[in-house]
Amino acid sequence: KAGVTQTPRYLIKTRGQQVTLSCSPISGHRSVSWYQQTPGQGLQFLFEYFSETQRNKGNFPGRFSGRQFSNSRSEMNVSTLELGDSALYLCASSVQGATGELFFGEGSRLTVL
Amino acid sequence: DQQVKQNSPSLSVQEGRISILNCDYTNSMFDYFLWYKKYPAEGPTFLISISSIKDKNEDGRFTVFLNKSAKHLSLHIVPSQPGDSAVYFCAAVKGGTSYGKLTFGQGTILTVHP
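All of the points below concern the structure found in this document. Quick caveat, the model's predicted, so the values are computed rather than measured. (Residues numbered from 1 in each chain as written. Chains lettered and ligands numbered in written order. Predicted model: local features only at pLDDT ≥ 70, side-chain atom pairs only at ≥ 80, totals over all residues. Heavy atoms only, no water.)

**Comments concerning the packing of aromatic side chains**
Now for step 1: Counting across every chain of the model gives 13 aromatic pairs over all chains.
Now for step 2: Consider the rings of Phe30 of chain B and Phe33 of chain B, whose centres lie 6.5 Å apart with planes at 75°: the pair is edge-to-face.
Now for step 3: By relative accessible area, Phe30 of chain B is classed as buried at 4%.
Now for step 4: Ring pairs connect the aromatic residues Tyr35, Phe45 and Phe104 of chain A together with Tyr36, Phe46, Phe89 and Phe104 of chain B, which therefore count as one cluster. (Phe/Tyr/Trp six-rings, centres within 6.5 Å; stacked < 30°, edge-to-face > 60°. Buried < 20%, exposed > 50% of the residue type's maximum accessible area, 1.4 Å probe, protein only.)

**Considering the pairing of strand β6 (residues 53-57) of chain A**
Residue and element names in this part refer to chain A.
Now for step 1: In terms of strand pairing, strand β5 (residues 42-50) meets β6 through 4 bridges, oriented antiparallel. Considered in β6, the bridge of Phe50 is made with Thr53.
Now for step 2: Hairpin connection from β5 to β6: 2 residues lie between these consecutive antiparallel strands, with Ser51 at a positive phi of about 50°. (Pairing = 2+ DSSP bridges. Helix = DSSP H or I, 4+ residues; strand = E, 2+ residues; numbered from the N terminus.)

**Looking at the environment of Gln96 of chain A**
Now for step 1: Relative to the assigned elements, Gln96 of chain A resides in the loop between β9 (87-94) and β10 (103-104).
Now for step 2: The spatial distance from the C-alpha of Gln96 of chain A to the C-alpha of His29 of chain A is 7.3 Å, given a sequence separation of 67 residues.
Now for step 3: Residues contacting Gln96 of chain A, with those up to four places away along its chain left out, are Phe50 and Arg55 of chain A together with Tyr99 of chain B. (Contact = heavy atoms within 4.5 Å.)

**Quick word on the nonpolar core**
Looking at soluble globular proteins, one finds that nonpolar side chains tend to be buried together.
All names here are of chain B.
Now for step 1: In this structure, Phe33, Trp35, Leu73, Leu75 and Tyr88 are the most contacted members of the largest nonpolar core, which totals 23 residues.
Now for step 2: At the level of elements, β3 (19-25), β4 (30-38), β5 (45-51), β7 (62-67), β8 (72-77), β9 (86-94) and β11 (108-113) are the ones that each hand at least two residues to this core.
Now for step 3: With near-sequence residues (within four places) excluded, Phe33 lies in contact with Tyr25, Ile48, Ser49, Ile50, Ser52, Leu66, Leu73, Ala91 and Ala92. (Core = buried A, V, L, I, M, F, W, Y, C linked by side-chain atoms within 4.5 Å.)

**Considering the sheet that holds strand β7 (residues 64-68) of chain A**
All names here are of chain A.
Now for step 1: On the basis of which strands lie adjacent, the open sheet formed by 4 strands has the order β1-β3-β8-β7 and antiparallel pairing. Two strands lie at the open edges of the sheet, namely β1 (5-7) and β7, each paired on one side alone. Taken pair by pair, the neighbouring strands of this sheet meet at an average axis angle of 15°, ignoring direction.
Now for step 2: Pairing geometry for β1 and strand β3 (residues 19-24), over 3 bridges, is antiparallel. Counterpart to Thr5 in the pairing with β3 is Ser24. (Axes fitted to C-alpha atoms, helices over the stretch in contact; angles between N-to-C directions.)

**Here we look at a nonpolar patch on the surface**
Now for step 1: On the surface, a cluster of nonpolar side chains totalling about 230 Å² of accessible area is made up of Ile18, Ile20 and Val78 of chain B.
Now for step 2: Structurally, Ile20 of chain B can be placed in strand β3. (Patch = residues over 30% accessible without salt bridge, like charges linked within 9 Å, V, L, I, M, F, W, Y side chains within 5 Å. Areas by Shrake-Rupley, 256 points an atom, 1.4 Å probe, with all protein chains shown as cover. Salt bridge = Lys/Arg side-chain N within 4 Å of Asp/Glu carboxyl O.)

**Side note on the sheet that holds β8 of chain B**
Now for step 1: The 5 strands are arranged β1-β3-β8-β7-β6 (chain B) in an open sheet whose pairing can be described as antiparallel. Strands at the two margins of the open sheet, each flanked by one partner only, are β1 (4-5) and β6 (56-59) of chain B.

**Some words on the environment of Glu48 of chain A**
Now for step 1: Of note, Glu48 of chain A is situated in strand β5.
Now for step 2: With relative accessibility at 0%, the residue Glu48 of chain A sits in the buried group.
Now for step 3: A C-alpha to C-alpha distance of 7.1 Å links Glu48 of chain A and Ser31 of chain A, two positions 17 residues apart in sequence.
Now for step 4: Polar contacts involving the side chain of Glu48 of chain A include one to the side chain of Asn56 of chain A, which spans 2.8 Å.
Now for step 5: Reaching out from Glu48 of chain A, the side chain makes a polar contact with the backbone nitrogen of Gly100 of chain B at a distance of 3.1 Å. (Polar contact = N/O pair within 3.5 Å; in protein donor to acceptor, adjacent residues only side chain to side chain.)

**Section: the pattern of salt bridges**
Now for step 1: Applying the stated criterion to the full structure yields 8 salt bridges over all chains.
Now for step 2: The salt bridge partner of Lys56 of chain B is Glu58 of chain B, with a shortest N-O separation of 3.7 Å.
Now for step 3: As a salt-bridge pair, Arg61 of chain B and Asp84 of chain B come within 2.8 Å of each other at their nearest N and O atoms. Of this pair, Arg61 of chain B sits in the loop between β6 and β7 while Asp84 of chain B sits in the loop between β8 and β9, and the two are 23 residues apart along the sequence.
Now for step 4: The class for Arg61 of chain B is partly exposed, based on a relative accessible area of 21%.
Now for step 5: Taken together, the shared-partner salt bridges connect Arg63, Glu82 and Asp85 of chain A into one network.

**Focus on unusual backbone geometry**
Now for step 1: The amide bond that connects Thr7 of chain A to the next residue, Pro8 of chain A, takes the cis arrangement and shows omega of -10°.
Now for step 2: Its place among the elements puts Pro8 of chain A in the loop between β1 and β2 (10-13).
Now for step 3: Pro79 of chain B follows Val78 of chain B through a cis peptide bond whose omega is -10°.
Now for step 4: Positionally, Pro79 of chain B belongs in the loop between β8 and β9.
Now for step 5: Of note in the backbone geometry, Thr80 of chain A takes a positive phi value of approximately 45° without being a glycine.

Below you can see the structure in the form of structure tokens.
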């Protein structure tokens, strides 16, 4: 069974640009969550989607957005990039009802110059 | 406001001995707790969990203990193996509809020496 796939794995952007990250969950998983990992703040929750609906949202500015498609694949977008957005962005999928038991992808490493 | 804290940034133990990783939380609304392990260049991997109605859960070499009155949980690894060397994160989740919304600690780097 294929794991969670995130693309791209690495990317470099400049301040002011926008970026879109993609996540394909494990087959059969309908819930997708996104996390930001930085050395200073650790792993922080961004948002969670289930059946194309945002179910939970973390404390991030409106520049961070996401969506989920009917095939459960998800994308997140960050607009007007800032230096502080440099981070590892992790996507995780889970089976409905499996509280907290997430399967993470390897992440997308974003560097903002 | 850090609701889940791992106060030890690192821990070093000898192979075969016990590793004890600690975690404290402040939010009484958390009712499910988990431990994740992370190797470099990989995403975190779920290790073990415990519901707030229990005080202990075992899975092979891994045991998680929960002390609700102290708002403290710990992960015991016995015996420790070099392959256990990784970053360990504790996480907590509230009940209801917060399924994938985890609050993580800062992580503890475990090094197991042969």
